[in-house]
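Analysis of the macromolecular model
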Amino acid sequence: MIAALLAAAAVSATCDLEAPSGEAGCARAAVDALPMNAIQAVGTHNSYKMAIAPNEFATIRAANPKVAETLDYGHRPLPEQLDAGARQLEIDVVNDPGPGGLYATPLGYRVAGAKAVPYDFGPLKGPGLKVIHAPDVDYRSVCATFVACLTGVRAWSKAHPNHVPILIILNLKEDGVSLPGAVKPPLFDAAAMDGIDREIRSVFPESALVTPDQVQGRRATLHEAVAAGGWPTLREARGRVMFALDCPPDQVARYRQGRKVLEGRAAFVNIDETSPAAGYITLNEPKELSARIAAAVRAGIIVRTRADADTYEARANDTARQAAAFASGAQYVSTDYMRPDPRFGPYATKLPTGGTARRSPAAP
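Residues numbered from 1 in each chain as written. Predicted model: local features only at pLDDT ≥ 70, side-chain atom pairs only at ≥ 80, totals over all residues. Heavy atoms only, no water.

So, on to helix H7 (residues 146–159). The terminal C-alpha atoms of H7, which comprises 14 residues, lie 20 Å apart, in line with the 20 Å expected from a rise of 1.5 Å per residue. For H7, the full list of buried residues reads Phe146, Cys149, Leu150, Val153, Arg154, Trp156 and Ser157. Along the axis of H7, the buried residues cluster in a sector spanning 165°; they form a single face. The exposed set on the far side of H7, more than 90 degrees from its buried face, consists of Lys158 and Ala159. The elements touched by buried residues of H7 are helix H5 (78–83), strand E2 (88–94), strand E3 (130–131), strand E4 (166–173), helix H8 (190–203) and strand E6 (241–245). (Helix = DSSP H or I, 4+ residues; strand = E, 2+ residues; numbered from the N terminus. Expected span 1.5 Å × (residues − 1). Buried < 20%, exposed > 50% of the residue type's maximum accessible area, 1.4 Å probe, protein only. Arc of directions from axis to C-beta. Contact = heavy atoms within 4.5 Å.)

Below you can see the structure in the form of structure tokens.
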């Protein structure tokens, strides 16, 4: 803990933690001695999501303009986002057990008929976790399967071994749309929860991951370990990926399956700061929850918050929430706008000091 405090004091708040060593306050030895939870970086929300096809979007907008407005965004392929500086990604997965193919004929595409915009449904026809925002209506993804998304990240990571740890957040979707002919996604039962870990480890070897067991070490709980400075240093964590389930309590309980902490699991979980499994938490309202975010960061917990939501800030060019997110000290600040959407205006989210990653203003 003392070494971490000394390392943090030696690193300038304006230092880009991925830049080559040299400038004052950015000596590589001091930077690499920082614990990985002392960083702050930008990431993307629903990172896999493509824009809805124009004619299908028009149907949604006619039925519910307010909902349509919140869906009116899309992202580039994951490696391009990483090239642009994203160090946190968010992937929504749906369960597709047995023979698979539950999501291969979405309602929106069928309704569009001859006017449907082409899309490759081939990857959706087999079993395994699929990557979809809203089955039947917002189903187009830059990588249709979980393994495909992870494979792209793994290839990029191997080609850029100096990157700070990438956080990949998972949402487990169990709701469909209430329309005739729409699919009802299966629950994530014990087999599906095990399948999440299995698919992660089919792409990432243990040496490329930051896992709860690695961080907990010999401590009694993960909560105790992170409070005592158990996170790897940047030197140890560069080129690695950390997974976290951003899930409600019932899904977290199903993923833990009676474990005392997260023994053997590949991912951290979104859980109250006092839990034995506390190591990560999602606190998406940086203005309202600023004190809680800063306290969690000081307690050693990694926090993700959001700079914008539902296209509101982009349409209004409102940077107040973004400023609060960075000031809170949350390690990962998520956005839909790493670059402006020219339809809305100049709004974009970048680190205030520039670069890809900096020392968190809430770090000790």
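Strand order in the open sheet formed by five strands is E8-E9-E10-E1-E11, and the pairing between neighbours is mixed. The sheet is open, and its two edges are formed by strand E8 (280–282) and strand E11 (357–359), each paired on a single side. Averaged over all pairs of adjacent strands, the angle between their axes in this sheet comes to 25°, without regard to strand direction. Across three bridges, the pairing between strand E1 (residues 39–44) and E11 is antiparallel. By the bridge assignment for E11, isoleucine 39 is matched with arginine 359. Against the sheet, helix H15 (residues 320–328) touches E1, strand E9 (302–306), strand E10 (332–335) and E11, its axis set at about 170° to E9. (Pairing = 2+ DSSP bridges. Axes fitted to C-alpha atoms, helices over the stretch in contact; angles between N-to-C directions.)

Now for the state of the cysteines. Throughout the structure, instances matching the rule amount to two disulfides. Covalently, cysteine 15 is tied to cysteine 26 through a disulfide, its sulfur atoms 2.3 Å apart. One end of the pair, cysteine 15, is in the loop between helix H1 (2–10) and helix H2 (28–33); the other, cysteine 26, is in the loop between H1 and H2, with eleven residues separating them in the sequence. The exposure class of cysteine 26 is buried, given its relative accessible area of 4%. Disulfide partner of cysteine 143: cysteine 149, at an S-S distance of 2.0 Å. For the disulfide bridge between cysteine 143 and cysteine 149, the dihedral angle about the S-S bond is near 95°, and by the sign convention the bridge is right-handed. Bonded cysteines in the protein chain are paired 1-2, 3-4 when counted in the order they occur along the chain. (Disulfide = S-S within 2.5 Å.)

Position of methionine 36 relative to the elements: it lies in the loop between H2 and E1. Counting along the chain gives 315 residues from methionine 36 to leucine 351, while the straight-line C-alpha distance between them is 17 Å. Beyond its immediate chain neighbours, meaning those up to four positions away, methionine 36 contacts Pro165, Val210, Trp231, Pro232, Thr233, Leu234, Ala237, Met242 and Ile302.

Quick look at empty space enclosed by the protein now. Counting across every chain of the model gives one cavity of 30 Å³ or more. As for the largest cavity, its lining consists of Cys15, Asp16, Leu17, Glu18, Ala19, Pro20, Cys26, Arg28 and Val31. In terms of residue class, the lining of the largest cavity is built from six nonpolar, no polar and three charged. (1 Å grid on protein atoms, 1.4 Å probe; cavity = no way out; pocket = protein on both sides within 12 Å on 5 of 7 lines; lining within 4 Å. Points joined across faces, edges and corners; volume = space filled by probe spheres on them. Nonpolar A, V, L, I, M, F, W, Y, C, P; charged D, E, K, R; others polar.)

As a further point, take the environment of glycine 108. Mapped onto the secondary structure, glycine 108 falls in helix H6 (residues 107–112). Here the alpha-carbon distance between glycine 108 and isoleucine 60, two residues 48 residues apart in the chain, equals 9.3 Å. Once residues within four sequence positions are removed from consideration, glycine 108 is found in contact with Glu56 and Asp136.

Turning our eyes to something else, we now look at the packing of aromatic side chains. According to the stated counting rule, one finds seven aromatic pairs in the structure shown. For the ring pair tyrosine 337 and tyrosine 347, a centre distance of 5.9 Å and an interplane angle of 85° mean the geometry is edge-to-face. Of this pair, tyrosine 337 sits in the loop between E10 and E11 while tyrosine 347 sits in the loop between E10 and E11; the two residues are ten residues apart in sequence, bridging distant segments of the chain. Tyrosine 337 gets classed as buried once you look at its relative accessible area, which sits at 3%. On the accessibility criterion, tyrosine 347 (1% relative accessible area) is buried. Each member of the aromatic cluster is reached from another via a ring pair, and the members are Tyr109, Tyr119, Phe121 and Tyr139. (Phe/Tyr/Trp six-rings, centres within 6.5 Å; stacked < 30°, edge-to-face > 60°.)

So far we have only geometry, and geometry alone does not tell us how the molecule works.
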